[in-house]
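Survey of secondary and tertiary structure
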Amino acid sequence: MNQKGSSARVAIIDYGVGNLFSVAQACAHAGMTAEVTSDPARIQAAGGLILPGVGAFGFAMAQLARLKLDTAILAAVDQGKPMLGICLGFQLLFDESTEMGSARGLGLVPGRVTSLAESLRATGHSGVARIPHIGWLPITQPSHAGNRDLWQGTLLAGTAPGERLYFVHSFHATPTQPEASLAEADYLGFRYCCAVSRGRVFGCQFHPEKSATAGLQIYQRFAAQLTIT
Amino acid sequence: MARNLRIIPRLDVKGPNLVKGIHLEGLRVLGEPKIFARRYAAEGADELLFMDAVASLYGRNSLLDVIAATAQNVFIPITVGGGIRSLEDIAAALKAGADKVAINSAAVADPGFIRKAAERYGSSTIVVHIDAKRNRTGSWTAWTDNGREPSHHDAVEWAVQAASLGCGEILVTSIDQEGTAKGFDTALTKAVSARTAVPVIACGGASSPDDVARLGHDVDIGAVSIASILHYGIAAELEREGYGFSGAGEFRVVAEKRDFGRVVPTTLAAVKQAVLAAGLDCRPIAGEEAA
């Protein structure tokens, strides 16, 4: 379809939240031509999109709406463009968050985002739950995978179960259908969803751009998807 | 799963050089920071902490210059501290490739800066750095300006206040122990950990892998930051390999003096083995982590 140069271009969505530099560096490392942009037209024209983000869910959604980026994202996904949501960008894929009251998300994946500390307390954990939760955590296939390899055909294809990736977060997402969870992590015994894949949309709670070789491989797989269009 | 402990090499930088002192004073030049940084990233460091000894963020050979040179091929989290005074400084640090900033003096001068910074960049981006010095009474005072000026804050109370203002982590350095390799100030670390619910990074005094593991086991901390016991081994190795480095004239150059004090060099691998042996969770050393 498009000439090779334009189809390999990825739009890193700039909505005034978080650190885009390391995402851009990782894209460059994986051979992508990355453009940091808050222009809906540039997002429509890109071969794929990355939604990064750090900070508060409600503020992030308000920013996306103000810049008309929410509709641009949904339109690009509708067109079948690959999308990577990272950390807050992963949480924004879901229906809603309870962070500071309640806020609607992009609704690309049914489910909600809630406080990690509260979830941990609900499991009966009595000690201090230090928030944000920070660390290199092993990610595993969820129990509903059984003997199947859920990661096949996703951005985690080739990642070894138990591989460690870098997490820093205070909230976590729970898909409405447990089967929608692609990978799980563990905080002091509480297991939670840390990646989802739905159509060509992939989201992860961890930061692949901060996760050394294991993370850069995820960017490389995303880069390969861009050119297959 | 057991509690996770991160190991964070700390690189104190003055101008273009990696330096190391004792009690934050008497700085000696060890080499080029990015060489050490890349080595640590390749050896499985969980994060890197860069601290500017003279709080000079900008210009040629400044800390941000060093960060930019490092971040191009180091894909692990990088924290920058020393001289972060404004939201613009934070923006500049993030743009240079940092993921978090560590704020000390500017937060003491204006605690509201912590809240503003956390609101703008997210709590997880903001680390409050406390340089703590023990008093005769058994409490600790927070010092500013890289250990040169005492503040009016009790270090533990200041940690509580900083956490309540929205910082994502607290880095607590014991000035008394820093650079001495005589062990951590465990009581200080314990006091800060017990009064806060954000991850605490302990720094200052690491003498051995077991020392790090013991602190991580005994105190609920998220990370330990270490310097001398890692740097001196690499500095000596670079010198043996004939790595051409000449330090700036105003410092004693370790490669010439071989003055490592009582520090017994070790490796990240040995530190992580000790942490795992103590029953804590820790990202094990992967041989091929070089980006």
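All of these numbers come straight from a predicted model, not from anything done at the bench.

Some remarks on the overall build of chain A
Within chain A, the regular secondary structure consists of 8 helices and 13 strands. For chain A, whose C-alpha radius of gyration is 17 Å, the value lies close to the compact-globule estimate of 17 Å for 229 residues. Considered along the principal axes of its C-alpha atoms, chain A spans approximately 55 × 40 × 30 Å. Relative to its 229 residues, chain A shows a buried fraction of 51%. Looking at chain A alone, contacts between residues at least 24 apart form 73% of all its contacts between residues at least 6 apart.

Side note on the overall build of chain B
Looking only at helices and strands, chain B features 11 helices and 12 strands. In summary, chain B has a C-alpha radius of gyration of 17 Å against a globular reference of 19 Å for 291 residues, a match within 12%. Here the C-alpha coordinates of chain B stretch approximately 50 × 45 × 40 Å along the principal axes. Looking at chain B residue by residue over its 291 residues, the buried ones come to 55%. Here the contacts in chain B between residues at least 6 apart in sequence split such that 67% fall between residues at least 24 apart.

Observations regarding the environment of Leu 230 of chain B
Residues and elements named next belong to chain B. Positionally, Leu 230 belongs in helix H9 (residues 228-240). A sequence separation of 35 residues divides Leu 230 from Pro 265, and the C-alpha atoms of the two residues are 5.9 Å apart. Those residues in contact with Leu 230, other than ones at most four positions away along the chain, are Pro 9, Thr 266 and Leu 268.

Digging into the sheet that holds strand S2 (residues 33-37) of chain A
Residues and elements named next belong to chain A. In spatial order, the strands read S2-S1-S3-S4-S13-S12-S11; together these 7 strands make up an open sheet with mixed pairing. Looking at strand neighbours, the two that pair on one side only are S2 and strand S11 (181-187), the edges of this open sheet. Geometrically, the sheet is characterised by an average inter-axis angle of 20° between neighbouring strands, direction not taken into account. Of the strand pairs in this sheet, strand S4 (residues 83-86) and strand S13 (residues 201-204) are connected by 4 bridges, and their pairing is parallel. The partner of Ile 86 across the bridge, within S13, is Cys 204. Against the sheet, helix H5 (residues 69-78) touches strand S1 (9-13), strand S3 (48-51), S4 and S13, its axis set at about 135° to S3.

Details of the packing of helix H8 (residues 209-218) of chain B against helix H11 (residues 268-277) of chain B
Residue and element names in this part refer to chain B. Running from N to C, H8 and H11 cross one another at 40°; their axes reach a closest spacing of 8 Å. In terms of orientation, H8 lies oblique with respect to H11. Viewed along their axes, H8 and H11 form a crossing whose handedness is right-handed. Together, Pro 209, Asp 210, Val 212, Ala 213 and Gly 216 of H8 and Ala 270, Val 271, Gln 273, Ala 274, Val 275 and Ala 277 of H11 make up the contact between the two elements. Of the residues in the contact of H8 with H11, the class split is 8 nonpolar, 2 polar and 1 charged.

Thoughts on helix H5 (residues 112-121) of chain B
Residue and element names in this part refer to chain B. Along H5, the positions that sit buried rather than exposed are Phe 113, Ile 114, Ala 117, Ala 118 and Tyr 121. Projected onto a plane normal to the axis of H5, the buried residues spread over an arc of 130° and lie on a single side. Buried residues along H5 sit against helix H3 (87-96), strand S6 (100-103), helix H4 (105-109), strand S7 (126-134) and helix H6 (155-164). Following H5 by one or two positions, Gly 122 has its phi on the positive side, about 90°.

Quick look at the interface of chain A and chain B
Contact with chain A, which involves 28 residues of that partner, is made by 28 residues of chain B. Secondary structure elements with two or more residues in the side of chain A that touches chain B: helix H2 (21-29), strand S8 (133-138), strand S9 (164-169) and helix H8 (212-227) of chain A. Its residues assigned to classes, the side of chain A that touches chain B shows 14 nonpolar, 9 polar and 5 charged.

A word on the sheet that holds strand S10 (residues 171-175) of chain A
The strands making up a sheet are joined through hydrogen bonds of the backbone, oriented either antiparallel or parallel. Residue and element names in this part refer to chain A. If you trace the 4 strands from one edge of the open sheet to the other, you get S6-S5-S7-S10, paired in mixed fashion. Because the sheet does not close on itself, it has two edges, and the strands there are strand S6 (103-104) and S10. Across 3 bridges, the pairing between strand S5 (residues 94-97) and strand S7 (residues 109-115) is parallel. When the sheet's bridge partners are listed, Phe 94 is paired in S7 with Val 109.

Thoughts on the nonpolar core
Counting residues in each nonpolar core, the largest one holds 176 residues, and the members touching the most others are Leu 49 of chain A together with Leu 48, Phe 50, Ile 170 and Val 172 of chain B. For this core, the element with the highest residue contribution is H8 of chain A, accounting for 7 residues. Dropping the residues within four chain positions of it, Ile 170 of chain B is found in contact with Val 128, Ile 130, Ala 159, Ala 162, Ala 163, Val 192, Thr 196, Val 198 and Val 200 of chain B.

So, the packing of H6 of chain B against helix H7 (residues 186-195) of chain B
All names here are of chain B. With their axes 9 Å apart at the nearest point, H6 and H7 run at an angle of 30° to one another. Taken together, H6 and H7 sit at an angle that is classed as roughly parallel. In the packing of H6 onto H7, the handedness of the crossing is right-handed. Every residue of H7 that contacts H6 at Val 156, Ala 159 and Val 160 is listed here: Ala 191, Val 192 and Arg 195. Tallied by class, residues from the contact of H6 with H7 come to 5 nonpolar, no polar and 1 charged.

A few points about the pairing of S2 of chain A
Residues and elements named next belong to chain A. Bridge analysis of S1 against S2 gives 5 bridges, and the strand direction is parallel. Within S2, the residue paired with Ile 12 across the bridge is Val 36. Regarding topology, H2 serves as the crossover connection from S1 to the parallel S2, and that connection is right-handed.

Structural notes on unusual backbone geometry
The peptide bond linking Ile 131 of chain A to Pro 132 of chain A adopts the cis configuration, its omega dihedral lying at 0°. Looking at where Pro 132 of chain A falls in the secondary structure, it is placed in the loop between helix H7 (116-122) and S8. One non-glycine residue, Cys 87 of chain A, lies in the positive phi region at around 55°. Within the element layout of this structure, Cys 87 of chain A appears in the loop between S4 and helix H6 (88-91). One non-glycine residue, Asn 146 of chain B, lies in the positive phi region at around 50°. Assignment of secondary structure puts Asn 146 of chain B in the loop between strand S8 (140-144) and strand S9 (149-154). On the basis of neighbour counts, which here come to 24 C-beta atoms within 10 Å, the residue Asn 146 of chain B falls in the buried class.

The rules behind these values
- Residues numbered from 1 in each chain as written.
- Chains lettered and ligands numbered in written order.
- Predicted model: local features only at pLDDT ≥ 70, side-chain atom pairs only at ≥ 80, totals over all residues.
- Helix = DSSP H or I, 4+ residues; strand = E, 2+ residues; numbered from the N terminus.
- Rg over C-alpha atoms; globule rule 2.2 N^0.38 Å.
- Buried ≥ 20, exposed ≤ 12 C-beta atoms within 10 Å, placed from the backbone.
- Contact = placed C-beta atoms within 7 Å.
- Pairing = 2+ DSSP bridges.
- Axes fitted to C-alpha atoms, helices over the stretch in contact; angles between N-to-C directions.
- Parallel < 35°, antiparallel > 145°, perpendicular 65-115°, else oblique.
- Left-handed = near helix turned anticlockwise from the far one by under 90°.
- Nonpolar A, V, L, I, M, F, W, Y, C, P; charged D, E, K, R; others polar.
- Arc of directions from axis to C-beta.
- Core = buried A, V, L, I, M, F, W, Y, C linked by C-beta atoms within 7 Å.
- Right-handed = clockwise from strand over helix to strand, strands pointing away.

Purely spatial values, then, with no claim about function.
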